[in-house]
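Letter by letter, the chains look like this.
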Amino acid sequence: MSDEDREIQDRARAFVDDELIPWEEHAEMHDGQIPADVRQRHHERAIELGLFAMNMPKELGGTGMTMFQQALVSEQIGRVTNALGWCVHTPPAWAPAVVSPFQLERWIVPTIRGDVHECYAITEEGAGSDVDAIAATARRDGDDYVLNGTKMHVTSFNSAGYCFFQGKIVDGPNAGAHAMFFVDKDTPGVRLVREPRYTHTYPDTHAIVAFEDVRVPASHLIGAEGDGMSFTYEWFRYERLMIAARCCGAAERLIDEATAFATERVQFGQPIIGFQAIGHMLADSLTELWAARLMTYRLAQEIDEGVDVKIQHAHCSMAKLYASEMAGRVADRAVQIFGGRGYMRENVAERFYRELRVDRIWEGTSEIQRSIVADQLRKRGVRALA
Ligand SMILES: Cc1cc2nc3c(=O)[nH]c(=O)nc-3n(C[C@H](O)[C@H](O)[C@H](O)COP(=O)(O)OP(=O)(O)OC[C@H]3O[C@@H](n4cnc5c(N)ncnc54)[C@H](O)[C@@H]3O)c2cc1C
């Protein structure tokens, strides 16, 4: 780590410790909500501290951090529950390179400034892991496209100003190809179907949203017809690395808290950390955290070094797979070490036990990550990948 890397890490860590963690329990007990003025302060502080839009180029108003620095920040954000860390927002990193000047000004720059939020409308009832199975359509009609489809799990739809909508082109030479569009949430035909409840206690919902004859000008198409999937893959790679980083942060917090508890908690006349059963759970957790952290840091540095994108693709899957499963095991052990207290919602281990579960599902399930890794192994061999 350079001095600058370390300073960024310290800055993110202090923000999490001093301003976010103190609100976790309140958020948990209030349906994920914290007072509006506190949420606004978190948002402003994230911008002041240069943590907001850290993945965006400086010339567009971002802070232009290296991938390694972004992983360091995400790791710290992973130490806090209840999505309080989402105030450190990372707008779509893939966008500046591919959007038109109009789209940049209209959606991306305001997102980097923190004036508006995006959400992703890709998954559907019949298309989850198999994104190619989407039934949503985009039909060209004069200067417009007409979009139809029902999307589910649309994260942050309640706080977003616009969606990235993915659909398949109907008719013409590109029929069946994927295309991605900017769709403002208030466009006629965009309808909230419902907001189901999920395992975690977050303020952001994961909505089911219907797009019914939604008419958008052709200027809302991102890139060309047929480009839709490539943006999704790039987003997946980025998010998989950042999930790995956040899982490392969560595991660190859990090990810290469980160690502190085990050191103080006395049963049978001695601190429980003296019982081999407890010590071994902590030892396993620490060892696995170290492994996951080394993978994650190395992957981030490798992206900064410009390693072949196919190798990055495999390594993003490996890091996400290992770190998310590691964090799940660490959370499970932490609950066990806290005993009955670990089952209380006011306990950090209980919250992480629920919250970390989704990291094995979203941005590609563990099974899909394993399939990607196995496929890459077949194509490139062990030495290229490990
Ligand atoms: C909280 C949350 C937020 C989300 N946010 C968004 C969002 O903002 N935007 C969005 O578009 N989507 C979002 N998603 C959707 C998410 O990406 C999908 O849930 C995920 O890709 C898995 O799809 P699925 O749930 O349909 O499961 P399925 O694909 O139906 O999988 C079911 C099971 O079958 C397994 N399986 C499927 N295919 C294979 C295979 N080839 N080999 C082996 N096993 C297989 C899976 O691993 C899984 O265990 C979100 C999901 C959640 C839970």
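Calculation rules
- Residues numbered from 1 in each chain as written.
- Predicted model: local features only at pLDDT ≥ 70, side-chain atom pairs only at ≥ 80, totals over all residues.
- Heavy atoms only, no water.
- Helix = DSSP H or I, 4+ residues; strand = E, 2+ residues; numbered from the N terminus.
- Near = heavy atom within 4 Å.
- Polar contact = N/O pair within 3.5 Å; in protein donor to acceptor, adjacent residues only side chain to side chain.
- Areas by Shrake-Rupley, 256 points an atom, 1.4 Å probe, with all protein chains shown as cover.
- Phe/Tyr/Trp six-rings, centres within 6.5 Å; stacked < 30°, edge-to-face > 60°.
- Buried < 20%, exposed > 50% of the residue type's maximum accessible area, 1.4 Å probe, protein only.
- Axes fitted to C-alpha atoms, helices over the stretch in contact; angles between N-to-C directions.
- Parallel < 35°, antiparallel > 145°, perpendicular 65-115°, else oblique.
- Left-handed = near helix turned anticlockwise from the far one by under 90°.
- Nonpolar A, V, L, I, M, F, W, Y, C, P; charged D, E, K, R; others polar.
- Contact = heavy atoms within 4.5 Å.
- Disulfide = S-S within 2.5 Å.
- Core = buried A, V, L, I, M, F, W, Y, C linked by side-chain atoms within 4.5 Å.
- Bend = angle between axes of the 7 residues up to and from the residue.
- Expected span 1.5 Å × (residues − 1).
- Arc of directions from axis to C-beta.
- Salt bridge = Lys/Arg side-chain N within 4 Å of Asp/Glu carboxyl O.

Undergrad: Looking at this structure, how should I read unusual backbone geometry?
TA: Keep in mind that most residues, glycine aside, have a negative phi and that most peptide bonds are trans. With phi around 70 degrees, Ser156 is a residue other than glycine that occupies positive phi space. Note on placement: Ser156 falls in the loop between β3 (144-155) and β4 (162-170). A positive phi is found at Phe268, a non-glycine position, where the angle reads about 55 degrees. Relative to the helices and strands, Phe268 is located in the loop between β9 (266-267) and β10 (270-271).

Undergrad: Would you mind showing me how to read the site of the ligand here?
TA: Around the ligand sit 16 residues in total, of which Thr123, Ser129, His153, Thr155 and Glu367 are the nearest. One nitrogen or oxygen atom from the side chain of Thr155 is found 2.6 Å from a nitrogen atom belonging to the ligand. Contact with the protein chains hides 62% of the accessible area of the ligand, taken as 970 Å² for the molecule alone. Contributing elements (two or more residues each) for the shell around the ligand: β3 and α11 (366-380).

Undergrad: Whenever I open this one, the packing of aromatic side chains confuses me. Can you help?
TA: Given two aromatic rings, one states the distance between the centres and the angle between the planes to describe the pair. Enumeration according to the criterion identifies 17 aromatic pairs in this entry. Relative to Trp235, the ring of Tyr120 lies with its centre 4.9 Å away and its plane at 15 degrees, an arrangement referred to as stacked. Of this pair, Tyr120 sits in strand β1 (residues 118-121) while Trp235 sits in helix α7 (residues 228-264), and the two are 115 residues apart along the sequence. Across the pair, exposure class does not vary: Tyr120 and Trp235 are buried alike. With a centroid separation of 4.7 Å and an interplanar angle of 35 degrees, the aromatic rings of Phe261 and Phe338 are classed as tilted. Highlighted residues: Phe261 in helix α7 and Phe338 in helix α9 (residues 309-338), separated in sequence by 77 residues. As far as burial versus exposure is concerned, Phe261 and Phe338 are alike and both buried. By the ring-pair criterion, three or more aromatic residues cluster together here, those being Trp94, Phe102, Trp107, Tyr120, Tyr162, Phe164, Phe182, Phe231, Trp235 and Tyr238.

Undergrad: In this structure, what is going on with the packing of helix α8 (residues 276-304) against α9? I would like to understand it.
TA: When two helices pack together, their arrangement is captured by the angle between the axes and the distance separating the axes. Two elements in contact, α8 and α9, have axes separated by 9 Å at closest approach and are oriented at 160 degrees. Viewed along their axes, α8 and α9 adopt a mutual orientation that is roughly antiparallel. Considering how the two elements wind past one another, α8 and α9 form a crossing that is left-handed. Grouping the constituent residues of the contact of α8 with α9 by class yields 18 nonpolar, four polar and five charged.

Undergrad: Is there a simple way to think about the packing of helix α1 (residues 3-20) against helix α3 (residues 36-48) in this case?
TA: Viewed as axis vectors pointing N to C, α1 and α3 meet at an angle of 165 degrees, and their least axial separation amounts to 12 Å. Relative to α3, the element α1 is oriented roughly antiparallel. Classified by chirality, the crossing of α3 by α1 is right-handed. Packed against α1, whose contacting residues are Phe15, Glu19 and Leu20, the element α3 presents Arg41, His42, Arg45 and Ala46 at the interface. By residue class, the composition of the contact of α1 with α3 is three nonpolar, one polar and three charged.

Undergrad: Help me understand the state of the cysteines, please; the structure alone is not making it clear to me.
TA: On inspection of all chains with the given rule, the structure shows zero disulfides. No disulfide involves Cys119; its nearest neighbouring cysteine sulfur is the one of Cys163, lying 3.5 Å away. A relative accessible area of 0% places Cys163 in the buried class.

Undergrad: Is there a simple way to explain the nonpolar core in this structure?
TA: Inside soluble globular proteins, nonpolar side chains tend to come together where they are buried. In terms of nonpolar packing, the biggest core is built from 85 residues, with Val73, Trp94 and Ile108 touching the most fellow members. If one sorts the elements of this core by residue count, α7 sits on top with 18 residues. What Ile108 contacts, discounting residues up to four positions off in sequence, is Met56, Pro92, Ala95, Val99, Gln103, Tyr162 and Phe182. In terms of nonpolar packing, the next biggest core, distinct from the first, is built from 22 residues, Cys119, Ala121, Leu147 and Phe211 among them.

Undergrad: When you look at helix α6 (residues 101-113) in this model, what are you seeing that I'm missing?
TA: Since one α-helical turn is 3.6 residues long, residues separated by three or four positions face the same way. Along α6, the sharpest change in direction is near 30 degrees and occurs at Trp107; proline Pro110 comes one to four residues later. All of the buried residues in α6 are Gln103, Leu104, Trp107, Ile108, Val109, Pro110, Thr111 and Ile112. Buried residues along α6 sit against α5 (95-98), β1, β4, β5 (178-184) and β8 (221-222). Gly114 occupies a position one or two residues after α6 and carries a positive phi of about 90 degrees.

Undergrad: Can you help me understand α1 in this one?
TA: With 18 residues, α1 extends 25 Å between its outermost C-alpha atoms, agreeing within 8% with the 26 Å of an ideal straight helix rising 1.5 Å per residue. Within α1, the full set of buried residues consists of Asp5, Ile8, Gln9, Ala12, Phe15, Val16, Glu19 and Leu20. The buried residues of α1 occupy an angular sector of 145 degrees when projected down its axis, which confines them to one face. Pointing more than 90 degrees away from the buried face of α1 are the exposed residues Asp3 and Asp18. Buried-residue contacts for α1 involve α2 (24-29), α3, α4 (67-77) and α8.

Undergrad: How should the pattern of salt bridges be read in this particular structure?
TA: When the charged atoms of two side chains lie near each other, side chains of opposite charge can form a pair. On inspection of all chains with the given rule, the structure shows 27 salt bridges. Residue Glu257 pairs with Arg253 through a salt bridge whose shortest N-O separation is 2.8 Å. A residue pair is termed a helical-turn pair when its members lie 3 or 4 positions apart in one helix, as Glu257 and Arg253 do in helix α7 at four residues. Take Glu257: its relative accessible area is 31%, and that puts it in the partly exposed class.

Undergrad: Sorry if this is basic, but what is going on with the environment of Ala262 here?
TA: Residue position: Ala262 is located in helix α7. Considered as a pair, Ala262 and Lys379 are 117 residues apart in the sequence and their alpha carbons are 47 Å apart. Other than its neighbours up to four places away in sequence, Ala262 contacts Pro271, Ile272, Ile273, Ile278, Leu282 and Ile337.

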